[in-house]
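# Examination of the molecular architecture
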Amino acid sequence: QVQLVESGGGLVQSGGSLRLSCAASGSTSSLNFMGWYRQAPGKQREFVTTFTSSGSTNYADSVKGRFTISRDNAKNTVYLQMNNLKPEDTAVYYCYARPFVWSGFSWGQGTQVTVSS
């Protein structure tokens, strides 16, 4: 079992930046896949970015070139640097982790990101 705690959300103007953090505790064997999803009001939760078990990264087309995922393995923490934010990036951002690609997701509680125009 892994516990995930996000932080770093807030209100920012269009074009601004924010950095989200996700600190994991518990079973570190669950951290092979770790990344971020988001959910805007009235919409389904959607993929944003992830680390894979090989250490490679994947990004949704909507955030490529603007968002960067990174991690500090010593701290079991994943970061999401978000630059050039747009109003359509407004959502609750959720950190996730899972040991294998076929495993169920462990989720954090979410952190709100609001981008004003």
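In this text the structure is predicted, and so the values were computed from the model without any measurement. (Residues numbered from 1 in each chain as written. Predicted model: local features only at pLDDT ≥ 70, side-chain atom pairs only at ≥ 80, totals over all residues. Heavy atoms only, no water.)

### Some words on the nonpolar core
Quick note on the threshold: In this description, a nonpolar core means a group of buried Ala, Val, Leu, Ile, Met, Phe, Trp, Tyr and Cys residues linked to one another through side-chain atoms lying within 4.5 Å. Note on classification: 1.4 Å probe, protein chains only; a residue is buried when its accessible area is under 20% of the maximum for its type, exposed when over 50%, partly exposed between these limits. Labels follow the DSSP assignment, with helices taken as runs of H or I lasting at least four residues and strands as runs of E lasting at least two, numbered in each case from the N terminus.
Counting 27 residues, the largest nonpolar core has Leu4, Met34, Trp36, Phe67, Leu80, Met82 and Tyr93 as its most contacted members. Counting residues per element, the ones that place at least two in this core are β1 (2-7), β3 (18-26), β4 (33-39), β5 (46-51), β7 (67-72), β8 (77-82), β9 (91-98) and β11 (111-116).

### Quick look at the pattern of salt bridges
Keep this limit in mind: In what follows, salt bridge is the name for a side-chain nitrogen of Lys or Arg lying within 4 Å of a carboxyl oxygen of Asp or Glu.
For the structure on display, the rule yields 4 salt bridges. The residue Asp89 makes a salt bridge to Arg66 at a minimum N-O spacing of 2.7 Å. Highlighted residues: Asp89 in the loop between β8 and β9 and Arg66 in the loop between β6 (57-59) and β7, separated in sequence by 23 residues. Arg66 matches Asp89 in its accessibility class, with the two residues each being buried. Connected via shared salt-bridge partners are Arg38, Glu46, Arg66 and Asp89.

### Overview of the side chain of Ser21
Here is the rule: Any two residues having at least one pair of non-hydrogen atoms within 4.5 Å are treated as being in contact.
One can find Ser21 in strand β3. For Ser21, a relative accessible area of 17% puts it in the buried group. Beyond its immediate sequence surroundings of up to four residues, Ser21 is in contact with Val5, Glu6, Ser7, Trp36, Thr77, Val78 and Tyr79.

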